[in-house]
Amino acid sequence: MDAVAEGLWILADRFEQSGNISQAVKCLEAICQSRSPFLPIVEVKTRLQLATVLLNYTDNLLHAKNHLERAQLLLKQIPSCFELKCRAYSLLSRCYHLVGTIGPQKQVLKKGLDLAVTGDGLSPLLWVCNFNLQLANALTIEGDFPNVIRALEAGLVYASKAQFPQLQLLFAVSMLHVHLMESDNLTALQQTVSLCDQLWDQLPHQTRELHPGLHVYNQLLHVFYFLRVCDYKAASHHVELLDAALSSKYETARLQLLAPEEKQACMSTLEMQDHDLQKEMKILQGQLKEQGIHEQKRNELVGFYHELDRQLEGLKDQERFYKYLFYGNAWKQESKLPLGVFPLDGEWLPTGAVLILVDLMAVTCARPKGMFKETTKRLQSGLSIVNGELGKLGITSSTQETHLPHWSIWMAGVYLVLQFQLLENKILIDLTRTEFMDAQKALMEVLDLYFRFPTILQGCESSIHMLLGHYAHSVGCFQEGALHFIEAAKLTESKALKALCHVYSAISLICLGDADSCSQALDLIGPVYRSMDSFIGVREKTLVLFASGLLQMKQHNPQEARTRLANGLKLTHKQLGNHQLVSQYLTVLGSLALAIHDTSQALDILKSSFTLAKALHDVSGQIGVLTELTALYRELGEGAKLQENFQFEERKVEELARHIQTAVSSSHHMYLLKHGLNQET
């Protein structure tokens, strides 16, 4: 019977390698379902292999879990089998994670750790690392961040004992990930980034090439870190490195998203090229058979023939790859981005999610600079991939959370959150460019997503109110804007996000202009202004300096307003590179210069502000500058320029009014303004 089992294992392995998964499963199930007895250890190995195949290639998690639990029962009767027991614990933990049962997952991992720490040699050290990494993941889902860090620190120690620098790097990168999620401790962040850099620098070049997924994970977290500390230049550099590392994966993803007729057209083109090459080669063969050809000419023809033969072979390789990709069971394998070779042959995220995340980071880096051509391209790329990945999970525009099988919830959640964040950036770009109807449409998409997947997107509720606040403010509904920002602040536990919400609300209140609203704005700005140096990065500081500068102007304190605005402008220009905020700073500073009759400085400042606002297609910002320029030319007594500027200002006011009127007339406008706001708010 051992020989039978061995034969079926070999056959199953061949079927798996050829992509015939159903036949591989049947071979392994034949052993499990056999009426003839096999040794318990044979059945254990078979069930573990069967569970691995089911987890890697199918969505049949319940079947895999049953095989693993049966294997565990059999292993209890066997005193040794250290490797098989550890493998069973690891696979069962993975299974529990995918079905969302965190309690049983933690119990299995603790049993695995208790077993692994008793072993000697390299293998037990690696299993301890495996279990600690999975435990950290489970604890992260529960939000138990202190114990997450403890598990990762323990794993780092064992990785050092195992003398696996790439495994040490994985634990260091995972610690950075956790610190970025929950820590406001800049020192801890900086120390962990330094540790990651140090460990990466220690890896030999050949080892780095064997760990593409680990490289991508490390680079992405560096992008997150530099965005957190508002170093957009460094973040953009790491995005460029990611683009270079993932270029082939983007091409594979693009090909997978082709419609059936496009795939067929692609294959037809290759077949035509194949036919043309073979035709040319036949002509050459005929010429070579002719008598009396000069030796030099013959050598040229032979060289040309070999070149065509090389091209034909390359074309056939491309045809085989496309057939494999389009029509075989290839996508799961082609799309994988493993962290590296064993023992790091697992994934951090599926490649599709990584590609979307890189697109999202590229948008986040480029949007503040007004690089809207680039951001639009990356948004389209990200949304295209996310729609394709959701389609593979069976999620359409009518799917609701209650329709999802339990095994798909975690993966669906990854893509839905990424889709939300891509739409969030699109809305902010549309509002900046005064494209209010496009922003409305995207906002309705966001709300539709939230209503269909309320549990998965529960953490996005604050962001939804932020977006609605920006929309309301952009169309001149300042009262509703202020209320949405306050509602957003109530729905977040993040100190930084709460501060931003309060400042945005204060700016909307300042725009209302009455004494009571300015008093409310002061109450909101005061606490943030006093604690502005406690935040990581300068995002909160630059915004509160702008808002408090505006308020000082309203309170007729021009000198204090100038000081705050000048400091804020310097920080914004140097670290944020946010062109819209720079433009707004310049407009207000130009107004202050005009108020003290420094017309030369005011003119230079306002021209710079208008250049930025025009590049951003920010009509509202342009009007603010033109209003100040009209007052400036009036003071200078330059009648011709005054008239020209005033007429231009009128055209822009009419343009903005048209955009606002179109938005206000929409059936969605009032719904968006009032969404989530009650009488008490």
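Criteria and cut-off values
Residues numbered from 1 in each chain as written. Predicted model: local features only at pLDDT ≥ 70, side-chain atom pairs only at ≥ 80, totals over all residues. Heavy atoms only, no water. Salt bridge = Lys/Arg side-chain N within 4 Å of Asp/Glu carboxyl O. Helix = DSSP H or I, 4+ residues; strand = E, 2+ residues; numbered from the N terminus. Buried < 20%, exposed > 50% of the residue type's maximum accessible area, 1.4 Å probe, protein only. pLDDT = per-residue confidence, 0-100. Contact = heavy atoms within 4.5 Å. Axes fitted to C-alpha atoms, helices over the stretch in contact; angles between N-to-C directions. Parallel < 35°, antiparallel > 145°, perpendicular 65-115°, else oblique. Left-handed = near helix turned anticlockwise from the far one by under 90°. Nonpolar A, V, L, I, M, F, W, Y, C, P; charged D, E, K, R; others polar. Expected span 1.5 Å × (residues − 1).

Participant: Before we move on, could you go through the pattern of salt bridges and cite the residues and values that matter?
Facilitator: As enumerated under the stated definition, the model contains 16 salt bridges in all. Notably, a salt bridge pairs Glu142 with Lys106, separated by 2.8 Å at the nearest N-O pair. One end of the pair, Glu142, is in helix 7 (residues 122-142); the other, Lys106, is in helix 6 (residues 102-116), with 36 residues separating them in the sequence. Glu389 is paired through a salt bridge with Lys392; the nearest N and O atoms lie 3.2 Å apart. With Glu389 and Lys392 both in helix 18 (residues 372-392) and 3 residues apart, the pair spans about one turn of that helix. Taking relative accessible area as the criterion, Lys392 reaches 42% and is therefore assigned partly exposed. Salt bridges here are not isolated pairs; linked through shared partners, they connect Asp243, Asp359, Glu374 and Arg378.

Participant: Tell me about unusual backbone geometry, and please be specific about residues and values.
Facilitator: In the Ramachandran plot, Cys230 falls in the positive-phi region, its phi being about 65 degrees despite a non-glycine side chain. Considering the arrangement of structural elements, one finds Cys230 in the loop between helix 12 (212-228) and helix 13 (232-256). The exposure class of Cys230 is buried, given its relative accessible area of 1%. Backbone geometry places Thr434, a non-glycine residue, at a positive phi of 65 degrees. In this fold, Thr434 is placed in the loop between helix 19 (409-432) and helix 20 (436-452). The class of Thr434 is buried, set by a relative accessible area of 3%.

Participant: Summarise the confidence of the model for the protein; cite the residues concerned and give the values.
Facilitator: Mean pLDDT over the protein works out to 89, with 92% of the residues at or above the 70 mark. The low-confidence segment residues 324-334, where pLDDT is below 50, has 33 contacts with residues more than four positions distant or belonging to other chains.

Participant: Describe in detail the packing of helix 23 (residues 495-512) against helix 24 (residues 515-530), supporting the description with residues and values.
Facilitator: Relative orientation of the contacting elements helix 23 and helix 24 amounts to 155 degrees, with a least axis distance of 8 Å. Compared by their axis directions, helix 23 and helix 24 come out roughly antiparallel. Two packed elements cross with a definite hand, and for helix 23 against helix 24 that hand is left-handed. Residues Ala499, His502, Val503, Ser505, Ala506, Leu509, Ile510 and Leu512 of helix 23 form the contact with helix 24, whose own contacting residues are Ser517, Gln520, Ala521, Leu524, Ile525 and Val528. For the contact of helix 23 with helix 24, a count of residues per class yields 10 nonpolar, 4 polar and no charged.

Participant: Give a description of helix 23 that names residues and reports values.
Facilitator: Here helix 23 contains 18 residues, and its C-alpha end-to-end distance of 26 Å stays within 8% of the 26 Å for a straight helix at 1.5 Å per residue. Ala499, Leu500, Cys501, Val503, Ser505, Ala506, Ile507, Ser508, Leu509 and Ile510 are the residues of helix 23 that are buried. Those residues of helix 23 that are buried are in contact with helix 21 (461-474), helix 22 (478-490), helix 24 and helix 25 (539-554). In the segment just after helix 23, Gly513 is the residue with positive phi, at about 90 degrees.

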